[in-house]
Structure formats: structure tokens, C-alpha cells
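Structure assessment
One letter stands for each residue in the lines below.
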Amino acid sequence: MKYFIIAGEASGDLHASNLMRELKVEDPQADFCFLGGDLMQAQGGKMIKHYRKMAFMGFWGVLKNARKVLNNINECKKAIISYQPDVVILVDYPGFNLPMARFTKEKLNIPVYYYISPKIWAWKEHRIKAIKQYVDKLFTIFPFETTFYARHNYPVEYIGNPSVDSISARPNQQQTFSEFCTINKLSKKPIIALLAGSRKQEISACLPRMIQATQRFPEYQAIVAGAPGIAPSFYKSLLKDKSVRITFDQTYELLQQAKAAVVNSGTATLETALIGTPQVVVYNVYFGRFMMLLKDYFVKVKYISLVNLVAEKEVVKELMAHFFTIENVSKELDNILHDKTYRENMLHEYNIMKDSLGGPGAASKAAKKMVEFLKAK
């Protein structure tokens, strides 16, 4: 069968590539056309657009790049029409993917599957109307999502969490601290990992404060996890402290060797917990103090990090908006690094959270269900 897949971010590229691999197991003749990234490209098929040319963040980011956004939408529509797939598979990225779902169903009447639900349980809950109308099958990756959609009388398929797959199958799990430092020409000081996000806008907003917070711990070395598609020169333009190093394509290895991590809210918070690295979660919000006053109106969940959302309680400290300060980050790092009881309790809660997600195999389960549904149709 022919599969058209749309992933608009680095995490989507990863999860979609794993799904493509498993679809080929279930359907050896599978043919792919997609908007995605390098990992998807490695699985084969035709790439229409790289996600780096699609990742516009926030209202102003989209507005400033309105022409590019419209061009991307039109190019995607033309590609779907030309390819005539058996199914269109959407991976998160709702601002782009929900209009694609509507177009696909209304104009082409092609089945639409959603792999990795958009976070409508956190904000923009009204999008449930579009999902119920235009999405034939939705595959959820968190237990609480199944409960959320049940409240809206929309049945979903829970297939486990793909981050569990990624972490369990990650490379270099036996790598030692000494080997990691030697390969990357680092000192032997213990490491604080800095994960500032995957887009230039969020990296610029988060990384300088992260670095300044770690400067209060001179006995540690701060190492930045370079995001896919972001040039080293961009990071270097933000590094005032020349002792801070950057590693690329080694995020999991970095987290495995780090004593603590400062992580921008997103999938990386869950991955950090699954690897077992104590962390503090940050999230930049422009006009933070004012926006926090409106938070309860727009945001429908108590927590912003996936770790706390899955655990349904505060496991990791969340420093959002005007609480994301150098002082607060350094204070939390001090707790993680120097308070043994505090650290061990976080790791204990990590293990409970892991058990709630179940074992690996999300991509395999999703692929089996997708092929099964398509054959039945």
C-alpha cells in the first residue's frame, strides 16, 4: 500500500521513521511519500519537504512566515493528490496537520490516521471537533489521553509510548563516562546536560539562562545537546562562556552520562526521565507574568512536563514563564546534585512512571493496527 506521512518536527521525524520501519515489516511492499526529516528519508520513499522548512513557532512565527506556510500547505496538497495514497498518516503538528486532515477527507475521501495525538488535552480543546470529523483512527501514546478522548465519546487506539521504544533501543548503552568524555574531548568533570529545544527561537530564549545557572557549579561541566538541523555556528553565537561544549547526535548518550539536566519542556523531558537523569524542566513564555495570569483560561492541565502529566503529580520541578530565572534553575540544580534524598525520590518516581507507560513496541503495535484496518477497509 501507499502511505503519505506528515511530520513537522524533529521528534515527529524520529517517531515516524520508527513507524515506517514497522510498516515495512507488516507490508513488505509499502511505499512512502512524506514531509519529514533525515530519519524518515533513511527508511526510503520520496521526501516532499524537510521539516526544517516547516518549523515555524507560535503565532508571530507563523504570521511572519505566512507566505512560506501557505506554500507548504499548497505543496503538500498537490503531493497528496499526485501520490493518491491508501492512507494519510499525521504525526502531531496540529496547526498544519488538522487542515491537511480536512482537505484529505473532504476533497479526496482518503482515510486519515493520526499517530501521536496533538495535545488538545492541554490547550485548544475545541480541536476535538475537527479530529472527530476528519480523523478515522487516532493512536494515543499516553494512558491519560485515552481517558480524555473517552470523555468526548471518541474511541482511540492506545499503543504505548514510542519514547519507550527509542530509549530501550538507543545506541551505546554500555558506553562509560570516560569513553564519552574521550570521544568528545571533554574534561573529566561531572556533567550537567542542557537541552534547550529543537527550534532556533526556543533555543535563543532558553539557552543563555541555562548556561548562566550552571556557571554557579564550577565543579561541573555544562554540555549542550545540539538539536538536529541546527548549525554549530548558531549555538556558538549564544555561548558567552567558551567552556560550555556542544555535542551533536548524542543526546541520549549525553543524558546517560549526566548527573543532572536542564530540559526545555517537550518530549525530551520524558526521554530524560526514561534514561534516569534527574532534571529541572523550563519553559519560556514571552510576557511571562502577564501570560501566567491567563494560564488557567488557556491551559487545561495542571502540569506542562510530560513526566508530571503521566505521573499525575509533581515529580520534576517546572519553571515556567517568569519562574524561569537563573536563580530558580540554579536552586533546583543544587537540590538535584546535593540533596541525596531529593534526588533518590525523583528517581523512584521515574520508575513508577515508566511502569505506567508499559514496555516497548509502540511503533510495531501501531503498524499492525494500521495495516489491519486498511486491509479490512
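Preceding this paragraph is the structure being described.
Because the structure is a prediction, the values reported are computed rather than measured.

Regarding the overall build of the protein chain
Within the protein chain, the regular secondary structure consists of 18 helices and 13 strands. Computed over its C-alpha atoms, the radius of gyration of the protein chain comes to 21 Å, within 12% of the 21 Å expected for a compact globule of 377 residues. Each principal axis of the C-alpha distribution contributes one length, and for the protein chain these read about 60 × 45 × 40 Å. Residues counted as buried form 54% of the 377 residues belonging to the protein chain. Partitioning the contacts of the protein chain with sequence separation of at least 6, the portion at a separation of at least 24 is 66%. Entry remark: accessible area of the protein chain is about 17,500 Å², with carbon and sulfur atoms responsible for 53%. Taken together, the 50 basic and 35 acidic charged side chains of the protein chain have centroids lying 7 Å from each other.

Side note on the pattern of salt bridges
Summed over the entire model, instances satisfying the criterion amount to 10 salt bridges. Its salt-bridge partner being Glu-349, residue Lys-313 comes within 3.1 Å of it at the nearest N-O pair. Taken as a pair, Lys-313 in the loop between helix 15 (306–311) and strand 13 (318–320) and Glu-349 in helix 17 (residues 340–357) lie far apart in primary sequence, 36 residues in all. Taking relative accessible area as the criterion, Lys-313 reaches 37% and is therefore assigned partly exposed. Where Glu-314 meets Lys-317, a salt bridge forms, and the shortest distance between an N and an O atom there is 3.9 Å. Note on Glu-314: relative accessible area 47%, which makes it partly exposed.

Some remarks on the nonpolar core
Counting residues in each nonpolar core, the largest one holds 127 residues, and the members touching the most others are Tyr-3, Phe-4, Ile-5, Ile-89, Tyr-115 and Leu-207. It is helix 18 (residues 362–376) that provides the largest number of residues to this core, a total of eight residues. Sequence-distant contacts of Tyr-3, that is, excluding residues within four places in its chain, are made with Leu-23, Asp-27, Ala-30, Asp-31, Phe-32, Cys-33, Tyr-83, Val-87, Ile-89, Val-371 and Leu-374.

Here's the deal with the sheet that holds strand 11 (residues 258–264)
Across the sheet, six strands lie side by side as 10-9-8-11-12-13; this open sheet has parallel pairing. Both edges of this open sheet fall to strand 10 (245–248) and strand 13, since each of them pairs with a single strand only. Neighbour to neighbour, the strand axes of the sheet diverge by 25° on average, direction disregarded. Summarising the sheet, strand 12 (residues 279–283) and strand 13 pair through three bridges and their orientation is parallel. Each bridged residue has a counterpart across the sheet, and for Tyr-283 the counterpart in strand 13 is Met-320.

Let's talk about the packing of aromatic side chains
Any two aromatic rings considered together are summarised by their centre-to-centre distance and by the angle between their planes. In total, this model carries 11 aromatic pairs according to the counting rule given. Taking the centre distance of 4.9 Å and the plane angle of 85° together, the rings of Trp-121 and Phe-144 count as edge-to-face. Highlighted residues: Trp-121 in the loop between strand 5 (112–115) and helix 6 (128–134) and Phe-144 in helix 7 (residues 143–151), separated in sequence by 23 residues. In this structure Trp-121 comes out as buried when scored by relative accessible area, which is 6%. For Phe-144, a relative accessible area of 18% translates into the label buried.

Points about helix 17
A rise of 1.5 Å per residue sets the reference length of helix 17, with its 18 residues, at 26 Å; its end C-alpha atoms lie 26 Å apart and thus fit the reference within 8%. Among all positions of helix 17, only Met-346, Glu-349, Tyr-350, Met-353 and Leu-357 are buried. For helix 17, the buried positions fall inside an angular range of 115° around the axis, keeping them on one side. In helix 17, those exposed residues whose orientation departs by more than 90 degrees from the buried face are Lys-340, Thr-341 and Asp-355. With a side-chain oxygen lying 3.2 Å from the backbone nitrogen of Thr-341, the N-terminal cap of helix 17 falls on Asp-339.

Overview of helix 7
Every buried residue of helix 7 is listed here: Phe-144, Glu-145, Phe-148 and Tyr-149. Along helix 7, the residues classed as buried sweep out an arc of 135° about the axis, all on the same side. Elements that come into contact with the buried residues of helix 7 comprise helix 6, strand 6 (137–140) and helix 15. Among the residues trailing helix 7, Asn-153 stands out with phi positive, at a value near 55°.

Focus on the sheet that holds strand 7 (residues 157–158)
Pairing is parallel across the open sheet formed by seven strands, whose spatial order is 3-2-1-4-5-6-7. Edge positions in the open sheet fall to strand 3 (46–50) and strand 7, since each of these has one partner strand only. Relative to strand 2 (residues 31–36), strand 1 (residues 2–7) is paired through five bridges, and the arrangement is parallel. Pairing of Lys-2 across the sheet is with Asp-31, part of strand 2. Of the strands in this sheet, strand 1, strand 2, strand 4 (87–91) and strand 5 are in contact with helix 1 (residues 10–26), which crosses strand 1 at around 165°. Against the sheet, helix 18 contacts strand 1, strand 4, strand 5, strand 6 and strand 7, and its axis sits at roughly 170° relative to strand 5.

Rules behind the numbers
- Residues numbered from 1 in each chain as written.
- Predicted model: local features only at pLDDT ≥ 70, side-chain atom pairs only at ≥ 80, totals over all residues.
- Heavy atoms only, no water.
- Helix = DSSP H or I, 4+ residues; strand = E, 2+ residues; numbered from the N terminus.
- Rg over C-alpha atoms; globule rule 2.2 N^0.38 Å.
- Buried < 20%, exposed > 50% of the residue type's maximum accessible area, 1.4 Å probe, protein only.
- Contact = heavy atoms within 4.5 Å.
- Areas by Shrake-Rupley, 256 points an atom, 1.4 Å probe, with all protein chains shown as cover.
- Lys, Arg positive; Asp, Glu negative; His and termini not counted.
- Charge placed at Lys NZ, Arg CZ, Asp CG, Glu CD.
- Salt bridge = Lys/Arg side-chain N within 4 Å of Asp/Glu carboxyl O.
- Core = buried A, V, L, I, M, F, W, Y, C linked by side-chain atoms within 4.5 Å.
- Pairing = 2+ DSSP bridges.
- Axes fitted to C-alpha atoms, helices over the stretch in contact; angles between N-to-C directions.
- Phe/Tyr/Trp six-rings, centres within 6.5 Å; stacked < 30°, edge-to-face > 60°.
- Expected span 1.5 Å × (residues − 1).
- Arc of directions from axis to C-beta.
- Polar contact = N/O pair within 3.5 Å; in protein donor to acceptor, adjacent residues only side chain to side chain.

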